[in-house]
Amino acid sequence: GNSVTQMEGPVTLSEEAFLTINCTYTATGYPSLFWYVQYPGEGLQLLLKATKADDKGSNKGFEATYRKETTSFHLEKGSVQVSDSAVYFCALLYSSASKIIFGSGTRLSIRP
Amino acid sequence: DAGVTQSPTHLIKTRGQQVTLRCSPKSGHDTVSWYQQALGQGPQFIFQYYEEEERQRGNFPDRFSGHQFPNYSSELNVNALLLGDSALYLCASSLGGQAGETQYFGPGTRLLVL
């Protein structure tokens, strides 16, 4: 079946460090891929998306590239800030479907 | 531009009771989806409403039901509450009734069942 696998957290980094959160997916066909972020006590916010192979989604210094050959959508940021501390969810959605399939989330903590 | 709103923000119920959660979609959106997020987990799809009808349903029992009103707002009802129904319930809205449209989430309703 279709699924999303994320690297397990928590991930703890120092401010200004480079961030990578790995995400791979299992799917038939070509879904759209998303990263959502959840700050403490809040709902989900769309961070970025990519709808086809080789697309790069970017927002707020974060970016991720849709890699069909490796079925991956890794999230990266060059220099993290304390305010980036949150839980990050990788997700997929088929154009023919209504439901988003989420990974289990990766908790990121940034030390000042 | 009003985003997705949900009410109430928090709710405490006891086993066996019934609960109704409410959602107003983002301005201009006509499709509402509901998700359940257990502690430490990713959200799980419950169902989606479009044109006042349930369009797709996830793997949830019939105790979970919903409704969409002509103004596109939606309710999620859960009957015969179980302890395991304690979770954050998220509503998401999207545009145009097309499957695959980006969904935007509300802040959620946190339900605790005692």
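Remember, predicted model here, so these are calculated numbers, not experimental data.

1. Quick notes on the overall build of chain A
Within chain A, the secondary structure is distributed over 0 helices and 12 strands. The order of α-helices and β-strands along chain A, N terminus first, is β-β-β-β-β-β-β-β-β-β-β-β. In terms of overall size, chain A behaves like a compact globule, its C-alpha atoms giving a radius of gyration of 13 Å where 112 residues would be expected to give roughly 13 Å. Over its C-alpha atoms, taken along the principal directions, chain A stretches across nearly 45 × 30 × 20 Å.

2. Section: the sheet that holds strand β3 (residues 19-24) of chain B
All names here are of chain B. Strand order in the open sheet formed by 4 strands is β1-β3-β8-β7, and the pairing between neighbours is antiparallel. With partners counted over all chains shown, the strands left at the sheet margins are β1 (5-7) and β7 (64-68), one partner each. In this sheet, adjacent strand axes meet at a mean angle of 20 degrees when their direction is disregarded. In this sheet, strand β8 (residues 74-78) lies alongside β3 in antiparallel orientation, the contact comprising 5 bridges. Residue pairing in the sheet places valine 19 in a bridge with valine 78 of β8.

3. Concerning the pairing of strand β6 (residues 53-57) of chain B
Side-chain direction in a regular strand flips from residue to residue, so the side chains alternate between the two faces of the sheet. Judged from the 4 bridges that link them, strand β5 (residues 44-50) of chain B and β6(B) form a sheet pairing that is antiparallel. Bridge pairing links B:Phe47 to B:Arg57 in β6(B).

4. Some remarks on the sheet that holds strand β7 (residues 56-59) of chain A
Residue and element names in this part refer to chain A. If you walk across this open sheet you meet the 4 strands as β3-β9-β8-β7, and the pairing is antiparallel. Every other strand in the sheet has two partners, leaving β3 (19-21) and β7 as the edge strands with one partner each. Averaged over neighbouring strand pairs, the angle between their axes works out to 15 degrees when direction is ignored.

5. Some thoughts on the pairing of strand β9 (residues 87-94) of chain B
All names here are of chain B. By the criterion of burial, β9 is predominantly enclosed, with 8 of the 8 residues buried. Residues Ala87, Tyr89, Cys91 and Ser93 point to one face of β9 and Leu88, Leu90, Ala92 and Ser94 to the other, with burial holding for every one of them. Note that strand β4 (residues 31-37) and β9 share 7 bridges and pair antiparallel. For valine 32, the partnering residue across the bridge sits in β9 and is serine 93. Taken together, the 3 bridges between β9 and strand β11 (residues 109-113) define a ladder with antiparallel strand orientation. When the sheet's bridge partners are listed, alanine 87 is paired in β11 with leucine 111. With 2 bridges joining them, β9 and strand β10 (residues 104-105) adopt antiparallel strand pairing. Considered in β10, the bridge of serine 93 is made with tyrosine 104.

6. Here's the deal with the interface of chain B and chain A
Interface size is often expressed as the accessible area that is lost when the parts come together. In this assembly, 22 residues from chain B lie in contact with 20 residues from chain A. Taken together, both faces of the contact between chain B and chain A bury some 1,500 Å²; the carbon and sulfur share is 54%. Scanning the region where chain B abuts chain A turns up 9 residue pairs in polar contact (both at pLDDT 80 or more). Looking at the side of chain B that touches chain A, the elements that each hand over two or more residues are β4, β5, β6, β9 and β10 of chain B. Looking at the side of chain B that touches chain A, the element that brings in the most residues is β4(B), giving 3 residues. For the side of chain B that touches chain A, the residue count by class is 9 nonpolar, 11 polar and 2 charged.

7. With respect to the packing of aromatic side chains
Within the structure shown, the criterion is met by 12 aromatic pairs over all chains. Consider the rings of B:Phe60 and B:Phe64, whose centres lie 5.1 Å apart with planes at 65 degrees: the pair is edge-to-face. An identical accessibility class is assigned to B:Phe60 and B:Phe64; each is buried. Among the aromatic side chains, those forming a connected cluster through ring pairs are A:Phe34, A:Tyr36, A:Phe89, A:Phe102, B:Tyr35, B:Phe45 and B:Phe105. Across the ring face of B:Tyr104, the terminal group of B:Lys26 is positioned such that the distance to the ring centre comes to 5.6 Å.

Conventions and cut-offs
- Residues numbered from 1 in each chain as written.
- Chains lettered and ligands numbered in written order.
- Predicted model: local features only at pLDDT ≥ 70, side-chain atom pairs only at ≥ 80, totals over all residues.
- Heavy atoms only, no water.
- Helix = DSSP H or I, 4+ residues; strand = E, 2+ residues; numbered from the N terminus.
- Rg over C-alpha atoms; globule rule 2.2 N^0.38 Å.
- Pairing = 2+ DSSP bridges.
- Axes fitted to C-alpha atoms, helices over the stretch in contact; angles between N-to-C directions.
- Buried < 20%, exposed > 50% of the residue type's maximum accessible area, 1.4 Å probe, protein only.
- Contact = heavy atoms within 4.5 Å.
- Buried area = accessible area lost by both parts, 1.4 Å probe.
- Polar contact = N/O pair within 3.5 Å; in protein donor to acceptor, adjacent residues only side chain to side chain.
- Nonpolar A, V, L, I, M, F, W, Y, C, P; charged D, E, K, R; others polar.
- Phe/Tyr/Trp six-rings, centres within 6.5 Å; stacked < 30°, edge-to-face > 60°.
- Lys NZ or Arg CZ within 6 Å of the ring centre and 35° of its normal.

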